[in-house]
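Listed here are the chains, written in short residue letters.
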Amino acid sequence: MKPYLHISLAAALLVMSSPVLAQTSGVVSPQVVADQNLKAETADIATLQLQATAGDVKAQVRLADDYFTGNGIGQDYARAFDWYKKAANAGDPEAQTELGLMYAKGYDVTPVDYKEAIHWTRIAADQGYVGAQYNLGVAYDNGLGVPADLQTAFSWYLQAAQQGYDIAQFNVATMFEAGQGVLKDLASARDWYQKAADQGNAPARYNLGNMYLTGRGVGKDVAKGLALVEASAKQGFPLAQSRMAGLYYSGEAVAQDKVKAYAWALLAAGDGDPDGQDLMKTMDGNHLLNEADMRQASALADTYASAQ
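Residues numbered from 1 in each chain as written. Predicted model: local features only at pLDDT ≥ 70, side-chain atom pairs only at ≥ 80, totals over all residues. Heavy atoms only, no water.

Asks: Can you explain the overall build of the protein chain? Please cite residues and give values.
Replies: Of regular secondary structure, the protein chain possesses 15 helices and zero strands. For the protein chain, buried positions account for 42% of its 308 residues. Contacts in the protein chain between residues at least 24 apart in sequence constitute 53% of all its contacts with a sequence separation of at least 6. Accessible surface computed for the protein chain: about 14,800 Å², of which carbon and sulfur atoms make up 52%. (Helix = DSSP H or I, 4+ residues; strand = E, 2+ residues; numbered from the N terminus. Buried < 20%, exposed > 50% of the residue type's maximum accessible area, 1.4 Å probe, protein only. Contact = heavy atoms within 4.5 Å. Areas by Shrake-Rupley, 256 points an atom, 1.4 Å probe, with all protein chains shown as cover.)

Encoded structure:
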């Protein structure tokens, strides 16, 4: 069993919106619905452009989002960049965060410039914008545009975590568990894993489940640990799938079941997990399943996958 390490990849926190059409009577054909959607989107974009040009900052941000994603309009990173910059200069923290990401990644619009990325991200973070706080944590975690500093990374992750951002909560938990950037504190790790797990964060469920399975930093509770790891596995998390395979293979925490072990290993291996791949090789090499068992395991894997 190995813990899942913290997530340190910056991700855009885009606000995406689309019109909702009310159907008041009769049955409308798919083509009519498509035409109505297109007309509504076109009108919506035209309205946004008028509002944005008139200086409506929220409209500028939404128009930039639409250009960035291609939602209802042709994808155009250059125009997205321009509108984010207008809104960022007007003080909008979401736009400042997105502008920072565009400077960090370039998108063939601007040279990659971590100095500018940090500048805009910090302005947004200082306003309490959760995405910017998380992204600053990533920057200090990885030394992107700033010297690597785990203590400062932890501080920014913690601010985002306290606002309820589950990935930040997960990162805070892993740093408490490993003693990185903060004193090691397994009780705090458990608490932050729980907060993220309660929001459905699959890696948090996996790590917290392993804490309960092994009694690491918590009272050992096999039933609770198994439920958490299984929930993570059913969300499609490869390490959890591999862990479930290992548990069923060895008979640890569950009744030994080679068919279920192989089914979970199939899913984990399919996602590139080396432990899942190794277990499959072991089971295949030792001819532990007959043809009927293999068909049952394959069908069970399909069932697990369809529930994701």
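Asks: Give a description of helix H10 (residues 202–214) that names residues and reports values.
Replies: Every α-helical turn comprises 3.6 residues, leaving residues that sit three or four positions apart pointing alike. Taking 1.5 Å per residue, 13 residues should reach 18 Å; H10 reaches 18 Å between its end C-alpha atoms and fits that length. Across the 13 residues of H10, eleven count as buried, placing the element largely inside the fold. What H10 keeps buried is the set Ala 202, Pro 203, Ala 204, Tyr 206, Asn 207, Leu 208, Gly 209, Asn 210, Met 211, Tyr 212 and Leu 213. Each element contacted by the buried residues of H10 is listed here: helix H8 (166–178), helix H9 (186–198), helix H11 (222–234) and helix H12 (238–250). At the N-terminal boundary of H10, the capping side chain belongs to Asn 201, with an oxygen 2.9 Å from the backbone nitrogen of Ala 204. (Expected span 1.5 Å × (residues − 1). Polar contact = N/O pair within 3.5 Å; in protein donor to acceptor, adjacent residues only side chain to side chain.)

Asks: Just give me the short version of the packing of H12 against helix H13 (residues 258–270), but keep the residues and values in it.
Replies: A pair of packed helices is captured by two measures, namely the crossing angle of their axes and the spacing between those axes. Where H12 contacts H13, the two axes come as close as 8 Å, and the packing angle between them is 160 degrees. In terms of orientation, H12 and H13 fall into the roughly antiparallel class. With respect to the hand of their crossing, H12 and H13 are arranged in left-handed fashion. Contacts between H12 and H13 pair Pro 238, Gln 241, Ser 242, Met 244, Ala 245, Tyr 248 and Tyr 249 from the former with Lys 258, Lys 260, Ala 261, Trp 264, Ala 265, Leu 267 and Ala 268 from the latter. Residues belonging to the contact of H12 with H13 are distributed by class as follows: ten nonpolar, two polar and two charged. (Axes fitted to C-alpha atoms, helices over the stretch in contact; angles between N-to-C directions. Parallel < 35°, antiparallel > 145°, perpendicular 65-115°, else oblique. Left-handed = near helix turned anticlockwise from the far one by under 90°. Nonpolar A, V, L, I, M, F, W, Y, C, P; charged D, E, K, R; others polar.)

Asks: Talk me through the packing of aromatic side chains; I want residue IDs and the actual numbers.
Replies: As enumerated under the stated definition, the model contains ten aromatic pairs in all. Arranged with centres 5.2 Å apart and planes meeting at 85 degrees, the rings of Phe 154 and Phe 176 form a pair that is edge-to-face. One end of the pair, Phe 154, is in helix H7 (residues 150–162); the other, Phe 176, is in helix H8, and 22 residues separate them in sequence. Exposure remark for Phe 154: the relative accessible area of 8% places this residue in the buried category. Ring centres of Phe 170 and Tyr 193 lie 5.8 Å apart, and the angle between their planes is 50 degrees; this geometry places the pair in the tilted category. Of this pair, Phe 170 sits in helix H8 while Tyr 193 sits in helix H9; the two residues are 23 residues apart in sequence, bridging distant segments of the chain. Accessibility assignment for this pair places Phe 170 and Tyr 193 in one class, buried. (Phe/Tyr/Trp six-rings, centres within 6.5 Å; stacked < 30°, edge-to-face > 60°.)

Asks: Report on the nonpolar core, specifying residues and quantitative values.
Replies: With 35 residues, the main nonpolar core has Tyr 134, Tyr 157, Val 172, Tyr 193 and Leu 208 as its most contacted residues. Elements represented by at least two residues in this core include exactly helix H5 (114–126), helix H6 (130–142), H7, H8, H9 and H10. Excluding its chain neighbours within four sequence positions, the residues that come into contact with Val 172 are Phe 154, Tyr 157, Leu 158, Ala 161 and Trp 192. Grouped together as the second largest cluster of nonpolar side chains are 29 residues, Ala 245, Leu 247, Tyr 248 and Val 259 included. (Core = buried A, V, L, I, M, F, W, Y, C linked by side-chain atoms within 4.5 Å.)

Asks: Outline the environment of Leu 213, listing residues and values.
Replies: With respect to the helices, strands and loops of the structure, Leu 213 is situated in helix H10. Spatially, the C-alpha atom of Leu 213 lies 4.8 Å from that of Gly 225, the residues being twelve residues apart in sequence. Among all residues touching Leu 213, those that are not within four sequence positions of it are Lys 220, Asp 221, Val 222, Gly 225, Leu 226, Val 229, Arg 243, Leu 247 and Ala 253.

Asks: Account for the confidence of the model for the protein chain, with residues named and values stated.
Replies: On average, the protein chain scores 87 in pLDDT, and the residues at 70 or more come to 86%. Confidence drops under pLDDT 50 across residues 1–40; counting only partners more than four residues distant or on other chains, this segment forms 71 contacts. (pLDDT = per-residue confidence, 0-100.)

Asks: Describe in detail unusual backbone geometry, supporting the description with residues and values.
Replies: Notably, Asp 108 is not glycine yet its phi reads approximately 60 degrees, a positive angle. Structurally, the position occupied by Asp 108 is in the loop between helix H4 (93–105) and H5. Unlike most non-glycine residues, Ala 253 shows phi in positive territory, near 70 degrees. Counting through the fold element by element, Ala 253 comes out in the loop between H12 and H13. Ala 253 gets classed as partly exposed once you look at its relative accessible area, which sits at 36%.

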